[in-house]
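Close look at the chain arrangement
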Amino acid sequence: MPEIRMKLGFLCAKGNATLTTVAITLFGLMTSVVAVDVPLYFNYQNMLQTSVDAAALAGAAALPDGKEYAEEQALAMAQENWVGNQQLTADDLQFHYDEGTQMTMKVGASIAVPTLMSKVICSLNTGEFQHEADAQPESCDVMQVHAYAKGVPAARDTMLVIDNSSSMAFQGTWGGRKHPMYDVQLAAMAYVNYIKDHASESVDRIGVVSFAYDAQLLQGLRSSHDDPHFGQTLSKIDEITVYNAKGWNTNYEAPLKVALNELQAHGRKNAEKVVIFMTDGLPNLPAPTSFYQYSYWQPYSKCTNMVDNSSQVKAMCTTTYKNGKKTTTCPVLPNPKITDSMISASAVSCGVQYTDYLVSSVQAQVQRAKELDVTIHSIIMYDDSQDDNATAVMRRLRKEPAWDPALVDYMANETEGTKYTNTNYNGDDVADIYETIAKDIKIRLAH
């Protein structure tokens, strides 16, 4: 009996050792799977997510030009971001769109990634542990990796700044120009309608400012939710009338200040802040405070009167009589009869002081825009060959025939916006500019 017990004990010990060895081996292999295949899975998942994120951003940005083009751009961007040694194909990507909007693209992707240690686990299912009829599971060969992203337009708070100075009612033949104010109103309203028609979950808000001698906030920032279909916004633009007072009345500084005040007070922290600044000429206001004390309505006269009322200029006055009525006519700036030698040093100093203040006041508002992270897109309808009276006078006063403050360039360049110039005026072209800006959409991800 003792001998039999010893043999049985030996066999049990041997069996326990075998099971323990198998258990240890399996535990080691499972640990290897965790150490190798799991990190491999997450590594591929991260790479695939990066690729899908890029595709969603590129695709949503291209959506204004159609879904087919958007999907081409999404695929092209996805293919620039390889997943391990795999380049995604059109079959790997799925595209979906939200109903009621043309501004959101959803991109999904799924790929198979080869496993490493899982194959080893499957290979152990042989001999006494596997029935001969069993096949090696296909799931041991690959892991399915998925990723998803949604590209949506970033919310925008946009101030439309529209010049309604007297020159906007110009009636003439310049480039077929008939009534620029009317065409600009149509273009600005087309911008609003474009935003309305391409509504998305990232809500755009629009405000309106008009300017001439001064500036008026016609409407603060409002979305289509609190202004249904932007009805009031469209009405405010349509109601803009041309400022009909005489004198210089193009003031860039005032409308920038009003627009930035609105963006600073009511702009959303998570929204892109934009000013679309439209004008048809160079600025001639504001003037230094001391100039307004001289003449509130025509402050520039402080400088021009130094020239126009000088003895040299008065000597060129002519007198005519018609029907017994005496008429005296004298040349005034920018009349070429008034030569540079007739413009005194004090008049030049006055002109420099006036224009330097004008430029610095606008630049200060542009620097403020930078601090507020506001982008300014500037639109100018201007023909360099046609020197408006105010600009011509300032050039004569400074004795700089080519003087140009280039402030519309400065606005755009300093704030990373775009300057659009329409030198050969055309209403349709202005509308195209507004549409181009409307399509300039920053895209964000919404997983």
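Description of the structure in this document. (Residues numbered from 1 in each chain as written. Predicted model: local features only at pLDDT ≥ 70, side-chain atom pairs only at ≥ 80, totals over all residues. Heavy atoms only, no water.)

Considering unusual backbone geometry
Phi is mostly negative for residues that are not glycine, and the peptide bonds are mostly trans. Applicable threshold: Numbering of helices and strands runs from the N terminus, with a helix taken as a DSSP run of H or I at least four residues long and a strand as a DSSP run of E at least two residues long.
Residues leucine 285 and proline 286 are joined by a peptide bond in cis, for which omega reads 5°. Tracing the chain through its elements places proline 286 in the loop between β7 (272-279) and α7 (289-294). With an omega of 10°, the peptide bond running from leucine 333 to proline 334 counts as cis. For proline 334, the position within the fold is in the loop between β9 (325-329) and α10 (345-371). The phi dihedral of alanine 406 falls on the positive side, at around 50°, and the residue is not glycine. Mapped onto the secondary structure, alanine 406 falls in the loop between α11 (389-398) and α12 (407-414).

As for the state of the cysteines
Cysteine pairs can be covalently joined through their sulfur atoms, and such a bond is termed a disulfide. Using the following cut-off: Any cysteine sulfur atom paired with another within 2.5 Å is treated as part of a disulfide. Each residue is assigned to one of three classes by its accessible area relative to the maximum for its type, calculated with a 1.4 Å probe on protein chains only: buried under 20%, partly exposed between the two thresholds, exposed over 50%.
Under the defined criterion, the tally for this structure stands at two disulfides. Here cysteine 303 is linked by a disulfide to cysteine 350, with a sulfur-sulfur distance of 2.0 Å. Residues cysteine 303 and cysteine 350 are joined by a disulfide whose S-S torsion is about -80°; by sign, that bridge is left-handed. With cysteine 303 in helix α8 (residues 301-308) and cysteine 350 in helix α10, the pair connects residues that are 47 residues apart, well separated along the chain. For cysteine 303, a relative accessible area of 1% gives the class buried. The buried category is assigned to cysteine 350, whose relative accessible area is 5%. One disulfide bridge connects cysteine 317 with cysteine 330, the sulfur atoms lying 1.8 Å from each other. In this structure the cystine formed by cysteine 317 and cysteine 330 twists about its S-S bond by roughly 115°; its chirality is therefore right-handed. Of this pair, cysteine 317 sits in the loop between α9 (311-314) and β8 (318-322) while cysteine 330 sits in the loop between β9 and α10, and the two are 13 residues apart along the sequence. Residue class for cysteine 317 comes out partly exposed when judged on its relative accessible area of 22%. A relative accessible area of 26% means that cysteine 330 is categorised as partly exposed.

What about the pairing of strand β5 (residues 205-211)?
Here is the rule: In this analysis, strands are considered paired if DSSP registers two or more bridges between them.
Among the seven residues that make up β5, seven are buried, leaving the element largely enclosed by the rest of the structure. Of the two faces of β5, both are covered, the one formed by Arg205, Gly207, Val209 and Phe211 as well as the one formed by Ile206, Val208 and Ser210. Across seven bridges, strand β4 (residues 156-163) lies against β5 in parallel orientation. Looking across to β5, one finds that aspartate 163 is bridged to phenylalanine 211. Of the strand pairs in this sheet, β5 and strand β6 (residues 215-223) are connected by six bridges, and their pairing is antiparallel. Bridged to serine 210 within β6 is glutamine 216. The loop that links β5 with its antiparallel partner β6 comprises three residues.

Focus on the nonpolar core
This is how it is decided: The set of buried Ala, Val, Leu, Ile, Met, Phe, Trp, Tyr and Cys residues whose side-chain atoms join them within 4.5 Å is what this entry labels a nonpolar core. It only takes one pair of heavy atoms within 4.5 Å for two residues to be counted as in contact.
Ranked by size, the top nonpolar core spans 51 residues in total, and within it Tyr252, Val275, Phe277, Val307, Tyr354 and Met411 carry the most contacts. Looking at which element gives the most residues to this core, the answer is α10, with nine residues. Once residues lying within four places of it in the same chain are set aside, the contact partners of tyrosine 252 are Phe211, Phe277, Thr279, Gly281, Leu282, Pro283, Leu285, Val362, Ile380, Leu407, Val408 and Met411. Counting residues in each nonpolar core, the second largest holds 29 residues, with Val184, Leu234, Ile437 and Ala438 among its members.

Observations concerning the sheet that holds strand β12 (residues 443-445)
Short version of the rule: Only the stretch in contact is used when fitting a helix axis, every axis being a line fitted to C-alpha atoms; angles between N-to-C directions are given from 0 to 180 degrees.
Ordered by their spatial adjacency, four strands build an open sheet running β1-β2-β3-β12, and the pairing between neighbours is antiparallel. Each of the sheet's edge strands pairs with one partner strand only, and the pair in question is β1 (93-97) and β12. Geometrically, the sheet is characterised by an average inter-axis angle of 25° between neighbouring strands, direction not taken into account. Bridge count for β1 against strand β2 (residues 105-114) is five bridges, and the pairing is antiparallel.

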